[in-house]
Amino acid sequence: MMIRGDLLKMLVCPENQTPLELAAGELLERLNRAIAAGQLQNKAGQVIERSLDAGLLRRDQRVLYPIVDDIPMMLVDEGIWLDQPGLGA
């Protein structure tokens, strides 16, 4: 998954308009472990069932927006709070 640099610079959080950056592999691994355990939900409260290949991390590192089939899911409800139980550090 690759987002062009010029596109990444234009993308901002739909909730507070802060910049986003590509999530690191370590974070994606933690999220995928929580997904496999059935412990991860999006902001809408839906349990996430599909593992993540990529995501966009909000500057404050509190929310991740998944990238699905090379398309950033830029709706507020699609965001994933990163302080959920089961994520660990």
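Residues numbered from 1 in each chain as written. Predicted model: local features only at pLDDT ≥ 70, side-chain atom pairs only at ≥ 80, totals over all residues. Heavy atoms only, no water.

1. Some points on the environment of Met10
1) Next: Within the secondary structure, Met10 is located in helix H1 (residues 5-10).
2) Next: Here Met10 falls in the exposed class, since its relative accessible area comes to 60%. (Helix = DSSP H or I, 4+ residues; strand = E, 2+ residues; numbered from the N terminus. Buried < 20%, exposed > 50% of the residue type's maximum accessible area, 1.4 Å probe, protein only.)

2. Here we look at the pattern of salt bridges
1) Next: Following the criterion strictly, the structure yields four salt bridges and no others.
2) Next: Between Lys43 and Glu15 there is a salt bridge, with the nearest N and O atoms lying 2.4 Å from each other. A residue pair is termed long-range when its members are at least 10 positions apart, and Lys43 in the loop between helix H2 (25-36) and strand S2 (54-58) and Glu15 in the loop between H1 and strand S1 (20-22) qualify at 28 residues.
3) Next: Look at Glu15 and you get partly exposed, because its relative accessible area is 39%. (Salt bridge = Lys/Arg side-chain N within 4 Å of Asp/Glu carboxyl O.)

3. Digging into H2
1) Next: For H2, with twelve residues, the first-to-last C-alpha span of 16 Å sits near the 16 Å given by 1.5 Å per residue.
2) Next: Along H2, the residues that are buried comprise Leu27, Leu28, Arg30, Leu31, Ala34 and Ile35. The buried residues of H2 occupy an angular sector of 160 degrees when projected down its axis, which confines them to one face. Turned more than 90 degrees from where H2 packs its buried face, Glu26, Arg33 and Ala36 sit exposed.
3) Next: Looking at the buried residues of H2, the elements they touch are S2, strand S3 (63-68) and strand S5 (80-81). (Expected span 1.5 Å × (residues − 1). Arc of directions from axis to C-beta. Contact = heavy atoms within 4.5 Å.)

4. Re the nonpolar core
1) Next: Membership of the largest hydrophobic core comes to 14 residues, with the highest contact counts inside it found for Leu27, Leu31, Leu40, Leu52, Leu64, Ile80 and Leu82.
2) Next: Examining the composition of this core, we find that five residues originate from one element, H2, more than from any other.
3) Next: Leave out the neighbours within four places in its chain, and Ile80 touches Leu31, Leu40, Gln41, Asn42, Ile48, Leu52, Arg62, Val63, Leu64 and Pro66.
4) Next: Counting ten residues, the second largest nonpolar core, distinct from the first, contains Ile3, Leu8, Leu20 and Val63. (Core = buried A, V, L, I, M, F, W, Y, C linked by side-chain atoms within 4.5 Å.)

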